[in-house]
Every structure is written in structure tokens, then in C-alpha cells.
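# Analysis of the macromolecular model
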Amino acid sequence: EAQVTQNPRYLITVTGKKLTVTCSQNMNHEYMSWYRQDPGLGLRQIYYSMNVEVTDKGDVPEGYKVSRKEKRNFPLILESPSPNQTSLYFCASGSGGTFYEQYFGPGTRLTVT
Amino acid sequence: TQLLEQSPQFLSIQEGENLTVYCNSSSVFSSLQWYRQEPGEGPVLLVTVVTGGEVKKLKRLTFQFGDARKDSSLHITAAQPGDTGLYLCAGESDNYGQNFVFGPGTRLSVLP
């Protein structure tokens, strides 16, 4: 089954404790992206990657890191989480030529206390 | 920063009614996508429109991309309770390497 998987689905952590949210896709997509979704603000793009070893900042990259060492994986790293990073996070992948159609994972609900 | 606005923010209608949701921006997009999101799940792509003036139909859903590629609309005919969800539009900008901007969404509730 073609899918985007994220782990963990739920995470409660404390300020400053480094964490990684994994994202993996089995569709051989070149494009992958991370978003956060907050009430009233919608989905905001954090980082995206056009291909292996190529990453770019989205609209809200501060406090996050990503890496794309393999085509299928695109982990999101929070080196020192803060309460304002409490949010619902989505990973997406896509492929295309002229435009990209994105397929989203199930989401990771992160709470930072 | 590119922005997308959606209206209305909330919409509650009876089964069988028609409705239109709007997505507007002052920016030009290379493509515009519509997604539907249900509680506890990720957004699911409904359609992508690419050409200015393009109209696409998906069963009871009709999507239109504005001539200037700055706005779009989603029209649902004879809404059903299964149409309930959060409808999101997303603009793709090739000025920034396939960066995506999402609107805040329209939350639709179709009552039986």
C-alpha cells in the first residue's frame, strides 16, 4: 500500500530535550515536506526537499532541522524544543514534473511542556 | 510572504444544498490544489488546477482556477453528510523551488 508513515504519532516532551520525528514514504517520490498545523493558522511549511541531499526552508523553519540522506526518509529534528513548538505536524511526499501533488502522513501531535 | 485567504471560515448547511468555497490571494501560483481533511487525519488531495480559467469536475465537486491564477473556487452540488470536513486550498510557487502555501481552511458541516 502506497503511504507516508510518521513516528511517533503522539509525543509529550519537556523543553530542551532533543527529539526526532521520522517520516518515510514508499512511493519513490522525489519531493518531501514538513508542515505544522495550528488552530487559526492552517498548515505552514517548515522545510521541504526536492531530492536527496537537497533541502530548503519553508515559511517557518526556525527551531527545526531536517536531513535527506535517503530518498524515502525525511526526519524532522527539534534540537531544543520549546512550548511554542507544540503543534500537529504532518509530513508529505509528492512527485511530478510541472507541479507536485502531495500525499500526507497521518500526523504527529507534539506537546512540549 | 505569499498568503492565501479562504471564505467562508465556517459553513453549516442542510443535505441537498449547494455551496461555494473561495480561495483568494494577491500572488500568482503555478498550480493550486484543494484538499479535504477529516479529524485526526492528514489532508487528502482532491484536485490540482494548473491553467488560468481551468475548470475541473470531480463528481459533485467543481473546481475553478481564476484567469490570473490568483484565486480558485470549489462548488459542491447537492451536498451530502459525507462531504463534511475541512477544505484546504494550497498554492504552489515555483519562484521558491516548489514552496507550498496553504489557506486557513473552510470547515464544512453538512447536516442530514
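Rules behind the numbers
- The residue numbering used here restarts from 1 in each chain and proceeds along that chain's sequence as written.
- Chain letters and ligand numbers both follow the written order, the letters beginning at A and the numbers at 1.
- In keeping with the model being predicted, local features are shown solely for residues with a pLDDT of at least 70 and side-chain atom pairs are shown and tallied solely at 80 or more, while totals for entire chains, interfaces and linings include all residues.
- The basis for every side-chain value is the complete set of non-hydrogen atoms in the structure, without hydrogens or water.
- Accessibility here uses a 1.4 Å probe with only protein chains present; expressed as a share of the type maximum, an area under 20% marks a residue as buried, one over 50% as exposed, and anything in between as partly exposed.
- Put simply, DSSP marks the helices as runs of H or I at least four residues long and the strands as runs of E at least two long, and each gets a number from the N terminus on.
- Following DSSP output, two strands are said to pair if at least two bridges run between them.
- Polar contact is defined as a pair of N or O atoms within 3.5 Å, subject to the rule that within protein one atom must be able to donate a hydrogen and the other to accept it, and that residues adjacent in sequence are counted only when both atoms are side-chain atoms.
- In this description, contact between two residues means that some pair of their heavy atoms is separated by no more than 4.5 Å.
- Put simply, the grid is 1 Å and covers the protein atoms alone, a cavity is a trapped set of points that fit a 1.4 Å probe, a pocket is an open set with protein on both sides within 12 Å along at least five of seven lines, and lining residues have an atom within 4 Å of a point.
- Grid points are joined across faces, edges and corners, and a volume is the space filled by probe spheres set on the points.
- Here the term charged refers only to Asp, Glu, Lys and Arg, the term nonpolar to Ala, Val, Leu, Ile, Met, Phe, Trp, Tyr, Cys and Pro, and the term polar to all other amino acids, Gly among them.
- Joining two parts hides part of their accessible area as seen by a 1.4 Å probe, and the buried area is that hidden amount summed over both.
- Count a disulfide wherever a pair of cysteine sulfur atoms falls within 2.5 Å.

Take the pairing of strand 4 (residues 31-37) of chain B next. Residue and element names in this part refer to chain B. With six of seven residues buried, strand 4 is to be regarded as a mostly interior element. In this structure, strand 4 lies alongside strand 9 (residues 85-93), joined through seven bridges in antiparallel fashion. Pairing of Tyr 35 across the sheet is with Leu 88, part of strand 9. Judged from the five bridges that link them, strand 4 and strand 5 (residues 44-49) form a sheet pairing that is antiparallel.

Moving on: the side chain of Gln 37 of chain A. Inspection of the secondary structure assignment puts Gln 37 of chain A in strand 4 (residues 31-38). Side chain to side chain, Gln 37 of chain A and Gln 37 of chain B meet in a polar contact 2.8 Å long. Those residues in contact with Gln 37 of chain A, other than ones at most four positions away along the chain, are Gly 42, Leu 43, Ser 87, Leu 88 and Phe 90 of chain A together with Gln 37 and Leu 86 of chain B.

So, on to the layout of surface pockets. All names here are of chain A. Each pocket or cavity is described by its volume, and for the largest pocket that value is around 570 Å³. Counting residues per element, the ones that place at least two in the lining of the largest pocket are strand 4 and strand 9 (87-95). Of the residues forming the lining of the largest pocket, the biggest block, three residues, is contributed by strand 9. Partitioning the lining of the largest pocket into residue classes produces nine nonpolar, nine polar and six charged.

Turning our attention to the sheet that holds strand 3 (residues 19-25) of chain A. The strands that make up a sheet are held in pairs by hydrogen bonds between backbone atoms, and each pair lies either parallel or antiparallel. All names here are of chain A. Taking strand neighbours across the sheet as the criterion, the four strands line up as 1-3-8-7 in an open arrangement whose pairing is antiparallel. Looking at which strands have only one partner, the edges of the open sheet turn out to be strand 1 (4-7) and strand 7 (65-66). Two strands pair when backbone bridges link them, and strand 3 and strand 8 (residues 76-78) are joined in this way by three bridges, in the antiparallel orientation. By the bridge assignment for strand 8, Val 21 is matched with Leu 76.

A few words now on the interface of chain B and chain A. Contacts between the two partners involve 24 residues from chain B, matched on the other side by 20 residues from chain A. Across the chain B to chain A interface the summed buried area is about 1700 Å²; carbon plus sulfur atoms make up 52%. Our count for the contact surface shared by chain B and chain A stands at three residue pairs in polar contact (both at pLDDT 80 or more). Elements that contribute at least two residues to the side of chain B that touches chain A include exactly strand 4, strand 5, strand 9 and strand 10 (99-102) of chain B.

On to unusual backbone geometry. The linkage connecting Asn 7 of chain A with the following residue, Pro 8 of chain A, adopts the cis geometry, with an omega of -5 degrees. The topology assignment puts Pro 8 of chain A in the loop between strand 1 and strand 2 (10-13). Residues Ser 7 of chain B and Pro 8 of chain B are joined by a peptide bond in cis, for which omega reads -10 degrees. With respect to the helices and strands, Pro 8 of chain B occurs in the loop between strand 1 (5-7) and strand 2 (10-14). A positive phi angle, near 70 degrees, is found at Glu 53 of chain A, a position not held by glycine. By secondary structure assignment, the location of Glu 53 of chain A is in the loop between strand 5 (42-51) and strand 6 (54-57).

Time to look at the state of the cysteines. All told, the structure shown has two disulfides over all chains when counted by the stated rule. The disulfide bridge from Cys 23 of chain A ends at Cys 91 of chain A, spanning 1.8 Å between sulfur atoms. The sign of the -70 degrees torsion about the S-S bond sets the Cys 23 of chain A-Cys 91 of chain A disulfide as left-handed. Of this pair, Cys 23 of chain A sits in strand 3 while Cys 91 of chain A is found in strand 9, placing the two residues 68 residues apart along the sequence. Exposure remark for Cys 23 of chain A: the relative accessible area of 2% places this residue in the buried category. What pairs with Cys 23 of chain B in a disulfide is Cys 89 of chain B, and their sulfur atoms sit 2.0 Å apart. Across the disulfide from Cys 23 of chain B to Cys 89 of chain B, rotation about the S-S bond amounts to roughly 80 degrees, and the bridge is consequently right-handed. Separated by 66 residues along the polypeptide, Cys 23 of chain B in strand 3 (residues 19-24) and Cys 89 of chain B in strand 9 bring together distant segments of the chain. For the pair formed by Cys 23 of chain B and Cys 89 of chain B, the shared burial category is buried.

Structural measurements only, silent on function.
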